[in-house]
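Architecture and fold: a report
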Amino acid sequence: MMKLAVVFHSVSGTTRQLAQAVAAGAATERGTDVLMAEIVGSDIVDGRFQNSTLLQQLSGADAIVFGSPTYMGCVSAQFKAFADATGELWAEQAWANKIAAGFTIGGNLSGDQLNTIQYLQVFAGQHGMLWAGLDIPGNYDPAKRNRLGAQSGLIAHSADGIVHKTDLLTAHYLGQRVARLAALSVTPGKLNGNARVLCKDPVWYAFHRGGL
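A brief structural summary. (Residues numbered from 1 in each chain as written. Predicted model: local features only at pLDDT ≥ 70, side-chain atom pairs only at ≥ 80, totals over all residues. Heavy atoms only, no water.)

As for the pattern of salt bridges
A complete count under the given rule lists six salt bridges for this structure. Put simply, E38 and R16 hold a salt bridge, and the shortest N to O gap is 2.6 Å. Here E38, found in strand β2 (residues 32–39), pairs with R16, found in helix α1 (residues 14–27); they are 22 residues apart in sequence, far enough to count as distant. What makes E38 partly exposed here is its relative accessible area of 24%. Take R16: its relative accessible area is 28%, and that puts it in the partly exposed class. Put simply, D141 and R145 hold a salt bridge, and the shortest N to O gap is 2.6 Å. (Salt bridge = Lys/Arg side-chain N within 4 Å of Asp/Glu carboxyl O. Helix = DSSP H or I, 4+ residues; strand = E, 2+ residues; numbered from the N terminus. Buried < 20%, exposed > 50% of the residue type's maximum accessible area, 1.4 Å probe, protein only.)

Next up, the structure:
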């Protein structure tokens, strides 16, 4: 069983809707166990993230998708407190080689949401994780997914508290994509076209198949 976690902070509920769509997409992949891990106000004590149980759950995951609304051009303070609390895990590289991805939503079409995605990507890189962006050219497929055209991760926009249907479709796809990539890294002997995955590291596998 491959384990995928979606860890996120939401204020108005729009980030939560995206997280639910990511989780639903991942759950469509056979053999995937999905954990929804929401960062809530009671997790923060005197400005510090204190939910050690959630951190332990994440350490048991094979893939983690991070989500936060964009505030003042970056992740929310609550998500940043969570990120800061992973320092000991960083020192141990406990999350190294897990698949990672990210999503965000903001009230403006720009709003510097890309900076939030890039922060999440750097955060994953600090932990030695393998980042999975979107492989859908913006607005280019029949469903018009990835409508805002970010390849590093999912950027969504909502000015009225309603999440655009296309953004939810993109979130669903992102969950599927991460689950499929994670399955390649944790399932020895899983068939991939005419090749057989024998190594748990997808980067090693891609290199030896001429994909890098």
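Concerning a nonpolar patch on the surface
Residues V11, Y71 and M72 make up a contiguous nonpolar surface patch of roughly 390 Å² in combined accessible area. Within the secondary structure, Y71 is located in the loop between β5 (63–69) and α3 (77–84). For Y71, a relative accessible area of 41% puts it in the partly exposed group. (Patch = residues over 30% accessible without salt bridge, like charges linked within 9 Å, V, L, I, M, F, W, Y side chains within 5 Å. Areas by Shrake-Rupley, 256 points an atom, 1.4 Å probe, with all protein chains shown as cover.)

Description of the packing of α3 against helix α5 (residues 113–126)
How two helices pack is summed up by the angle between their axes together with the distance between the axes. Look at α3 against α5: their axes get within 12 Å of each other, and the N-to-C directions meet at 10°. Between α3 and α5, the angle is such that the two are roughly parallel. In contact with F79, K80, F82 and A83 of α3, α5 contributes Y119, L120 and F123. Of the residues assigned to the contact of α3 with α5, the class counts are six nonpolar, no polar and one charged. (Axes fitted to C-alpha atoms, helices over the stretch in contact; angles between N-to-C directions. Parallel < 35°, antiparallel > 145°, perpendicular 65-115°, else oblique. Contact = heavy atoms within 4.5 Å. Nonpolar A, V, L, I, M, F, W, Y, C, P; charged D, E, K, R; others polar.)

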